[in-house]
Amino acid sequence: MTIGLPPQNAAAPDSALLGSLIRGHRLRIGLTQRQLADLSTISVRAIRDLEKGKAQRPRTDTVRLIADALRLGPRARTALEEAARRGHRGGGDGRHTGAERPSPPVPLHPVIGRDAETAVVVEELRSGAERLVTVVGLSGMGKTRVALEAAARLHEAGLSVLWHTAPGPVPDFLPAEDDSFTALTGECAAYLHGGGQTGERSTRTGELPQRAGELPAQNGELSPWTGESLARTGELPARLADLAGSRGVLLVLDGVDTGLLDGHRLNRLLRDVPGLRVLVTAEEPWDVPCERLFLLSPLEAPAPPDGSDSPATRFFLSRLRRVRPDIAADARSLADIGRICHRLDGHPMALVAAASWLAVCDLPTLCGIVESDPAALLDHLSGDPAVSRLPERTARTISRLPAGHQRLLSALHKADADEFDLGDVVRLTGLPLPNCGRMVRDLLVSGVIRASTETGRSAFRVLCVVRALAPAPTRAPAPAPATAAAAATAADAAS
């Protein structure tokens, strides 16, 4: 059951509002504070003070230079200037500056092709329609990047943001500078992990969980939990309710193993802190009653020739420019890119890995390799740790599936059909339609398949990444059936 939130009528302090506007516009176009300082000819310290709400009375020229550097339109520029004027008029004692409101980490790259998904997550959490949103999807789908964008927009709307990252590769963002809230973030994470049984293996990862009282700090290194006692006694984190106040607080648990989280403690936390929202990114759902499951699918990548301006193509172009800025985005190049993106199903991390190969080959050659044997291209040439774990994590996701689901994937692989529907699943498995529907839903949630509407019907595709990494089925000497239904018929005849 969704618990309602108190009305948010309190206005943000003027200096904090100005800082939130500057930071929000900066993050939206993917600039660091240093880059904004260079573009605006304003010092990094001044930018930092403005964003934290410490600069009470910025000069008009300063605001104009920042607006120019951010390339703001007329409405956004007017809002920025009005916030600065209100700061001049307001004065005040500065007790509620932006420095007292923790902020999310700073992304290193702009978000591309996820506007619709981000808008839905932001609106549901901002309005209080949902208190817990869990973003799930196959590894490398961009869950953390969507969470970063959503957290930045919610921070701009006035919420405090506490960000916890699970142990793993070096994150693709810069940690926030709100050191005073690191302990509180650790306490919240410790509290929600406190119900786990120390020393037992996680049923989802097969790895030993962290020692009770140990969590990664904001910089990604392991440090002692200040909330160890909270994990053991079940006490609520001390300052959380005060921080939530009338504006609310967003707790982000990024990349966590939901099998180690305690749903009962979550319910208590949501009940006792009405202004709290929780955003989780994970490979599997938490499976608690109040959870809003948000499936993050691959970027849209239509079949050629319709994919020249698709989100996947724009994403690939952003990566191509870092490796081969000399390649012009002409009609021929866009056609090759469209085929690459469609063949890789718009999977963001697979596109990053494929783009890295442009350092040693041209676009037509890369396109040919992707269409013939994409598995080799899933290794990033520069050894990016996040990309290098894609094969391992995808294989782990496949191995976690129930045996029946794995047999279905093998049968679909053997059929070599581009698409399949519920009817194909019924014929391949021999199970009733409701069972097949649940099986397809499980595969969608795990991220190994995606919905497809290219043929105008409700159909699905096994991701190319999954096909490339799944064990190849034993093929008969005869040619493989052209469709999944044909494969089922051949199998029945053989039996």
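Right above here is the structure, for reference.
Residues numbered from 1 in each chain as written. Predicted model: local features only at pLDDT ≥ 70, side-chain atom pairs only at ≥ 80, totals over all residues. Heavy atoms only, no water.

S.K.: Go over the overall build of the protein, please, and point to the residues and values.
M.R.: Of regular secondary structure, the protein possesses 22 helices and 11 strands. Split into buried and exposed, the 495 residues of the protein put 50% on the buried side. Within the protein, contacts between residues separated by at least 24 positions form 78% of all contacts whose residues are at least 6 apart in sequence. Carbon and sulfur atoms form 53% of the exposed surface of the protein, whose accessible area is close to 22,500 Å². (Helix = DSSP H or I, 4+ residues; strand = E, 2+ residues; numbered from the N terminus. Buried < 20%, exposed > 50% of the residue type's maximum accessible area, 1.4 Å probe, protein only. Contact = heavy atoms within 4.5 Å. Areas by Shrake-Rupley, 256 points an atom, 1.4 Å probe, with all protein chains shown as cover.)

S.K.: Outline the environment of Arg 57, listing residues and values.
M.R.: Along the chain, Arg 57 turns up in the loop between helix H3 (44-52) and helix H4 (60-70). Classification of Arg 57 as exposed rests on a relative accessible area of 57%. With 29 residues separating them in the primary sequence, Arg 57 and Arg 86 have C-alpha atoms 9.2 Å apart.

S.K.: Can you break down the side chain of His 25 residue by residue, with the values?
M.R.: Residue placement: His 25 occurs in helix H1 (residues 14-28). Leaving out residues up to four positions away in the same chain, His 25 has contacts with Leu 70, Leu 72 and Ala 76.

S.K.: Hey, could you go over the packing of helix H8 (residues 182-193) against helix H11 (residues 263-272) for me, with residue numbers and the actual values?
M.R.: At a closest axis distance of 7 Å, the pairing of H8 and H11 adopts a crossing angle of 130°. In terms of orientation, H8 lies oblique with respect to H11. Residues Ala 190, Tyr 191 and Leu 192 of H8 lie in contact with H11, whose contacting residues are Arg 265, Leu 266, Arg 268 and Leu 269. Here the residues of the contact of H8 with H11 are counted per class, giving five nonpolar, no polar and two charged. (Axes fitted to C-alpha atoms, helices over the stretch in contact; angles between N-to-C directions. Parallel < 35°, antiparallel > 145°, perpendicular 65-115°, else oblique. Nonpolar A, V, L, I, M, F, W, Y, C, P; charged D, E, K, R; others polar.)

S.K.: Please set out H11 residue by residue, giving values where relevant.
M.R.: Each α-helix winds once per 3.6 residues, and so residues spaced three or four apart point in a common direction. All of the buried residues in H11 are Gly 263, Arg 265, Leu 266, Leu 269 and Leu 270. Burial along H11 is one-sided: seen end-on, the buried residues are contained in an arc of 155°. Along H11, the residues that are exposed and aim more than 90 degrees away from the buried face are His 264 and Arg 271. (Arc of directions from axis to C-beta.)

S.K.: Now, about unusual backbone geometry: what can you tell me, with residues and values included?
M.R.: A cis amide bond links Pro 304 to the next residue, Pro 305, at an omega of 10°. Take Pro 305: it is sitting in the loop between strand S9 (291-295) and helix H12 (311-323). Backbone geometry at Arg 71 places phi at a positive 55°, although glycine is not the residue there. Despite not being glycine, Asp 345 has its phi angle at roughly 60°, a positive value. Here Asp 345 shows up in the loop between helix H13 (331-343) and helix H14 (348-356). We classify Asp 345 as buried; its relative accessible area is 4%.

S.K.: Help me get a handle on the pairing of strand S7 (residues 249-254), residues and values and all.
M.R.: Counting buried residues along S7, six of its six residues qualify, which places the element largely inside the surrounding structure. Here strand S3 (residues 160-165) runs beside S7; their pairing, made up of six bridges, is parallel. Bridging across to S7, Thr 165 finds its partner in Asp 254. Where S7 and strand S8 (residues 276-282) come together, six bridges link them in parallel fashion. Note that in S8 the partner of Val 252 across the bridge is Leu 279. (Pairing = 2+ DSSP bridges.)

S.K.: Just give me the short version of the nonpolar core, but keep the residues and values in it.
M.R.: Counting residues in each nonpolar core, the largest one holds 40 residues, and the members touching the most others are Leu 250, Leu 279, Val 448 and Ile 449. Elements with a contribution of two residues or more to this core: helix H6 (115-127), strand S2 (132-136), helix H7 (143-156), S3, S7, helix H18 (403-415), helix H20 (433-446) and strand S11 (459-462). When neighbours within four sequence positions are excluded, Leu 279 is seen to be in contact with Val 121, Leu 125, Val 133, Val 135, Ala 147, Ala 150, Leu 250, Leu 251, Val 252 and Leu 253. Counting residues in each nonpolar core, the second largest holds 31 residues, with Ile 327, Leu 344, Leu 351 and Leu 378 among its members. (Core = buried A, V, L, I, M, F, W, Y, C linked by side-chain atoms within 4.5 Å.)

S.K.: Now, about a negative patch on the surface: what can you tell me, with residues and values included?
M.R.: Taken together, the side chains of Asp 306, Asp 416, Asp 418 and Glu 454 present a region of like negative charge at the surface. With respect to the secondary-structure elements, Asp 418 resides in the loop between H18 and helix H19 (422-429). (Patch = residues over 30% accessible without salt bridge, like charges linked within 9 Å, V, L, I, M, F, W, Y side chains within 5 Å. Salt bridge = Lys/Arg side-chain N within 4 Å of Asp/Glu carboxyl O. Lys, Arg positive; Asp, Glu negative; His and termini not counted. Charge placed at Lys NZ, Arg CZ, Asp CG, Glu CD.)

S.K.: Quick one: what's the story with the sheet that holds S8, residue by residue and with numbers?
M.R.: The sheet built from five strands is open, its strands ordered S3-S7-S8-S2-S9 with parallel pairing. Strands at the two margins of the open sheet, each flanked by one partner only, are S3 and S9. On average, each strand axis in the sheet is tilted by 15° relative to the strand beside it, whichever way the strands run.

S.K.: For the pattern of salt bridges, give the residues involved together with the corresponding values.
M.R.: For the structure on display, the rule yields 22 salt bridges. Across the pair Glu 371 and Arg 339 runs a salt bridge, and its minimum N-O distance is 3.9 Å. You can see Glu 371 sitting in helix H15 (residues 363-372) and its partner Arg 339 sitting in helix H13, a full 32 residues away along the chain. Overall, Arg 339 belongs to the partly exposed group, its relative accessible area being 31%. Overlapping salt bridges bring together Arg 59, Asp 61, Arg 64, Asp 68 and Arg 77 as one network.

S.K.: For the packing of H13 against H15, give the residues involved together with the corresponding values.
M.R.: Two elements in contact, H13 and H15, have axes whose closest approach is 9 Å; the angle formed by their N-to-C orientations is 20°. When the interaxial angle is binned, H13 and H15 end up roughly parallel. Every pair of crossing elements has a handedness; the one defined by H13 and H15 is left-handed. Residues Arg 332, Ser 333, Asp 336, Ile 337, Arg 339, Ile 340 and Arg 343 of H13 form the contact with H15, whose own contacting residues are Leu 363, Pro 364, Leu 366, Cys 367, Val 370 and Glu 371. In the contact of H13 with H15, the residues fall into seven nonpolar, one polar and five charged. (Left-handed = near helix turned anticlockwise from the far one by under 90°.)

S.K.: Quick rundown of the pairing of S11? Include the residues and the values.
M.R.: The alternating pattern of S11 places Ala 459 and Arg 461 on one face and Phe 460 and Val 462 on the opposite face, and all of these are buried. As defined by bridge partners, strand S10 (residues 449-452) adjoins S11 across four bridges and the pair is classed as antiparallel. Pairing of Arg 450 across the sheet is with Arg 461, part of S11.

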